[in-house]
Every structure is written in C-alpha cells, then in structure tokens.
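# Coordinates in review
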Amino acid sequence: MSAARALQDDLLSLFVVDSVQDENGLQSYLKRVLQVTSQCFRTSGASIFLEEGGVYHLAAKLGPAVRTPDGAVIQKGIGLAGEAIELAEPKIVTDGERADIGSSLIVPLMDGGTCIGVLNMARGHDEPVFGEEDLRYAGGVAGQIALAVHNAKLFASAREYDRLKRLAEVGQMTAAIAHEIRNPLTGILGAAKMIQEAPELTEEMANIIELETMKLNLLCDEFLDFSRPIRLDPEDQNLGDVVRATCSLLESSFSDSEVALTVTNENQTKCIDRRRIEQVVRNLVLNGLQATPKGGTVSVNVFDWGFSVHDTGAGMSEEAQQKLFSPFFTTKPSGTGLGLSIVQKVVQAHGGFISVQSQEGVGTTFEVHLP
Ligand code: ADP
Ligand code: MG
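Just so we're clear, the structure is a prediction, and the values are computed from it rather than from any experiment. (Residues numbered from 1 in each chain as written. Chains lettered and ligands numbered in written order. Predicted model: local features only at pLDDT ≥ 70, side-chain atom pairs only at ≥ 80, totals over all residues. Heavy atoms only, no water.)

A few words on the side chain of S47. Structurally, the position occupied by S47 is in strand β1 (residues 45–52). Look at S47 and you get buried, because its relative accessible area is 5%. Apart from the residues lying within four places of it in its own chain, the contact partners of S47 are L34, L58, A60, K61, V118, L119 and N120. (Helix = DSSP H or I, 4+ residues; strand = E, 2+ residues; numbered from the N terminus. Buried < 20%, exposed > 50% of the residue type's maximum accessible area, 1.4 Å probe, protein only. Contact = heavy atoms within 4.5 Å.)

Looking now at the domain arrangement of the protein chain. Considered domain by domain, the protein chain is made up of domain 1 (3–159), domain 2 (168–227) and domain 3 (235–369). Contact residues are listed per partner, giving 13 residues for domain 2 and 14 residues for domain 3. Taken over both partners, the interface formed by domain 2 and domain 3 buries close to 1000 Å², and the fraction arising from carbon and sulfur atoms is 61%. Interface area lost by domain 2 to domain 3 is led by E222, D225 and F226, which between them contribute 56%. Where domain 2 packs against domain 3, one counts one salt bridge. With a closest N to O distance of 3.2 Å, R276 and D225 form a salt bridge. On the surface where domain 2 and domain 3 come into contact, there are four residue pairs in polar contact (both at pLDDT 80 or more). Secondary structure elements with two or more residues in the side of domain 2 that touches domain 3: α4 (132–197) and α5 (202–227). If one sorts the elements of the side of domain 2 that touches domain 3 by residue count, α4 sits on top with seven residues. Of the residues in the side of domain 2 that touches domain 3, the class split is five nonpolar, four polar and four charged. (Domains from an automatic or database assignment. Buried area = accessible area lost by both parts, 1.4 Å probe. Salt bridge = Lys/Arg side-chain N within 4 Å of Asp/Glu carboxyl O. Polar contact = N/O pair within 3.5 Å; in protein donor to acceptor, adjacent residues only side chain to side chain. Nonpolar A, V, L, I, M, F, W, Y, C, P; charged D, E, K, R; others polar.)

The subject of this paragraph is the sheet that holds strand β13 (residues 363–369). Read across the open sheet, the five strands follow the order β8-β10-β11-β13-β12; overall the sheet is mixed. Looking at strand neighbours, the two that pair on one side only are β8 (260–263) and β12 (353–359), the edges of this open sheet. With direction set aside, neighbouring strand axes in the sheet form an average angle of 10 degrees. Of the strand pairs in this sheet, strand β11 (residues 306–311) and β13 are connected by six bridges, and their pairing is antiparallel. For G306, the partnering residue across the bridge sits in β13 and is H369. Along the sheet face, helix α10 (residues 339–349) touches β12 and β13 and points at about 140 degrees away from the line of β12. (Pairing = 2+ DSSP bridges. Axes fitted to C-alpha atoms, helices over the stretch in contact; angles between N-to-C directions.)

We now examine the packing of helix α6 (residues 239–249) against helix α8 (residues 274–291). Each pair of packed helices gets described by two things: the angle between the helix axes and the distance between those axes. The interhelical angle for the contact between α6 and α8, taken along N-to-C directions, is 50 degrees, at an axis separation of 9 Å. By the angle between their axes, α6 is oblique relative to α8. Taken as a pair, α6 and α8 cross one another with a handedness that is right-handed. Facing α6, whose interface residues are L239, D241, V242, V243, A245, T246 and C247, α8 presents R274, I277, E278, V281, R282 and V285. When grouped by side-chain class, the residues that make up the contact of α6 with α8 number eight nonpolar, one polar and four charged. (Parallel < 35°, antiparallel > 145°, perpendicular 65-115°, else oblique. Left-handed = near helix turned anticlockwise from the far one by under 90°.)

So, on to the environment of C115. For C115, the position within the fold is in strand β6 (residues 114–123). We classify C115 as buried; its relative accessible area is 8%. Note: C-alpha distance between C115 and T262 (147 residues apart in sequence) is 67 Å. Setting aside its immediate chain neighbours within four residues, C115 contacts E51, Y56, I85, P108, L109 and M110.

Near ligand 1 lie 19 residues; those nearest to it are N287, T330, T331, K332 and L340. Contact between ligand 1 and T330: an oxygen atom at 2.5 Å from a side-chain N or O atom of the residue. At 2.7 Å from an oxygen atom of ligand 1 is found a side-chain nitrogen or oxygen belonging to K332. Protein contact buries 93% of the 530 Å² of open area that ligand 1 shows by itself. (Near = heavy atom within 4 Å. Areas by Shrake-Rupley, 256 points an atom, 1.4 Å probe, with all protein chains shown as cover.)

Nonpolar side chains in soluble globular proteins tend to be buried together. Of all hydrophobic cores here, the largest spans 41 residues; its most connected members are L284, V285 and F307. Only α4, α5, α6, α8, β10 (297–303), β11, α10 and β13 provide two or more residues apiece to this core. Considering each element in turn, this core owes the most residues, six residues, to α8. Residues lining this core come from more than one domain, with at least three contributed by each of domain 2 (168–227) and domain 3 (235–369). With near-sequence residues (within four places) excluded, F307 lies in contact with L239, V243, I277, V280, V281, L284, V300, N301, V302, F366, E367 and V368. Core analysis: the second largest hydrophobic core is formed by 29 residues, L34, L50, L105 and A146 among them. (Core = buried A, V, L, I, M, F, W, Y, C linked by side-chain atoms within 4.5 Å.)

It is worth spelling out the sheet that holds strand β3 (residues 73–74) at this point. With antiparallel pairing, six strands are arranged side by side in an open sheet as β3-β2-β1-β6-β5-β4. Only two strands of the sheet have a single neighbouring strand rather than two, namely β3 and β4 (91–93). Summarising the sheet, β4 and strand β5 (residues 103–111) pair through three bridges and their orientation is antiparallel. Bridge assignment links K91 to a residue of β5, and that residue is I106. On top of the sheet, helix α3 (residues 79–87) reaches β2 (55–62), β3, β4, β5 and β6; it is set at about 35 degrees to β5, its chief contact. Strands in contact with α4 are β1, β4, β5 and β6; relative to β5, the strand with the most contacts, it is inclined by about 40 degrees.

Another point: the packing of aromatic side chains. Scanning all chains against the criterion turns up one aromatic pair. Judged by centre distance (4.6 Å) and plane angle (10 degrees), the rings of F303 and W305 are stacked. A residue is classified by how much of its surface remains accessible, and W305, at 25% relative accessible area, is partly exposed. (Phe/Tyr/Trp six-rings, centres within 6.5 Å; stacked < 30°, edge-to-face > 60°.)

Here's what the structure looks like:
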C-alpha cells in the first residue's frame, strides 16, 4: 500500500515544517493534512475537530460531503464521533444516517492517553467502504497529526506567556514612570507659580526648577538603561580610584543623614567601563545609605575579585532577597525598583556577577565580582 506509506511520509515532512509553530501555521497545517488524507484515502469529505475546554470544536474541513457548519462541536460520548473519542479507538461506520455517505472513518487523535482531537473521513457510495487496512494506516497518521497539534499548542502557550509577561512589564513601567515623574513636576509647577506671585524669589525658584529637572533627567537615564541592552566601553582602570571618586561625591548625603561612609585604600587594575561601574557603586552605596539609620556605617572594600558594599542597616527578609534584582521591586515610597536590576545588568555585561548576604536588623553586604 504505497499510497498510504507516501501519505505517512508526507505527513511526517509536514509535521517537521516550522510553520506549525504558530496559530496560523496550525490552521494551514490542518488544511494540508485534510488535502493529503482526502487524496490518499479517496474521501469525499474530511474534517478535524480539536479539543478545547472539554469539547471538540471544528478546526478544519474539506470536501463536498462535509456539511458540518462552522462552530460545530462534538461532545465526548455523544454521537458516533463522541463515542470514538470516549473509547479512544478509531472506528469505521457503514450504517450512518446520510444517504450520500457510503462509509466513514473516525480517528481519535491521541496525545499520550488524552484525546486532543478527532479526524473524520467520509467516502461516497462510488468508493469501497473503509476497511481494516485503512483503519491501521489512519491510526499511524493520526499519531503524527496529534504530535504536530501538541507542539503547535506548546508554542502558542509559550508565546502567549511571553506576551503577557511583556504586557505586565509595560504596565508596571508605565505606572512607575507616571508616579516618578509626578513628584519633580509638582516641584517645578510650584516653583513656576511662586515666580509669578513673588518675582523676588525668582533665583531661589530657578534653583528648584533646575534640581527637579535634573531629577527627571536621571529618571529618564534609569528607564532607558533598563529598557535597552547595556553597551560597554571598557578600559584598564584602577578600581580603587573609581570607587573612591564615586564615594567622595556622595559624602554630603552621608553627613546630612549622619551615617558614616568608609572606603578602603586598595588598588586593583580591572578592565571596566568606568562610567558604568561608578553607576553600580553609586546605586549600591545609596541603597546602603537609605537602609541605614543614624549612627550606622556603610563601608566599601576593594579586593582582587572586585568590591563589596556593606551596611549596618535594616537588612532584608528572605522574600525580599529573592525579588531584589527583579525590575520594579521596591519597598520605598518613591523608589523605582530599577537600581539593582540595572546594577546586575551592568555587572553581567562585564562578565561578572553580584551576590548578596543580608540579615534583618543587622545589615547587608553586596559583593560585586568582576573578572
Ligand atoms: P529602589 O532603590 O528604587 O527601591 P533598588 O533596585 O535599588 O530600587 O532596590 C530594590 C529594593 O531592594 C529596595 O527598595 C529595598 O527594599 C531593597 N534593598 C536594596 N538594597 C538594600 C540594602 N542595602 N538594605 C536593605 N534593603 C535593600
Ligand atoms: Mg536603589
């Protein structure tokens, strides 16, 4: 029976085509399956139903004998096809109700022990009735169709998952942007109103506007860093210098908060993007400052493997530590939750990694390992 063999080969090659990797690919795959099976089994009509939500919905049909209306469903156990699904066995029907159909072949599409669909084929009276051999070959074909449908569903759900995840991120991002922009804007608006009402305050208000605008600028940088891949411009640098220079710019924030900042004097040459590593140090040190109460200490130490930032602050719960590097995770009323996610991106772009140790009420240490 070479036609049936050729059919199996044809279906096999259909099954491997990558067009089955999306929803439309599945549709055209099913159409093509029906064309090939109709030809090889000399049917006057064929249809495929696929399971969704416990019932079997018409997914594709072909040929003049198919009167099945769009949107038709088959329920397990009800009707001839429903019985074949329930028994999970292919079935030949020769005493159907329709005068134009001589015999039908109903083949459940089995994926493991589950029936994920059913292939129906009908022959007119001018063709011989379906026989045992047809039944056997149809079983093999059905296995391949079931596999292809199974794969197409996997691809579709993976894509849907990605899409939902992206949508959720866009939603979070939009909320974070709106929230973060509003504070500086309120400051700018207030300052502009003051200038109108009390021109003598112009200079003071202009300073506020400048400061708030700079905050907005920094915010834009942070959102952009998060949203695009990090490009590095690495050069040999003294890591000790980079750390000390960054920390010296933060000294006034520390004295305002009455938190001590100590930096070791170790020198280490590393091939790094200076601006990016400064950003990492600044983020970690400021997080340390924000977590540390008056009288506490943040210390930055340089080693041959990189550097560490230790604080005697609030520490973090196990749960917070799990989420720490996720974008938008923040426990601060005006935090973006992007700092550590950018830090991790920069460190990984350098071929390094970042680790954290923290104990609630005791403090936190971040280690940045750079190759
Ligand atoms: P943000 O600073 O905007 O909140 P980050 O990504 O920098 O965003 O930090 C995320 C969260 O991780 C913080 O809100 C805080 O809860 C926690 N965190 C980060 N660093 C520390 C630290 N040194 N001590 C305690 N908690 C920290
Ligand atoms: Mg931060």
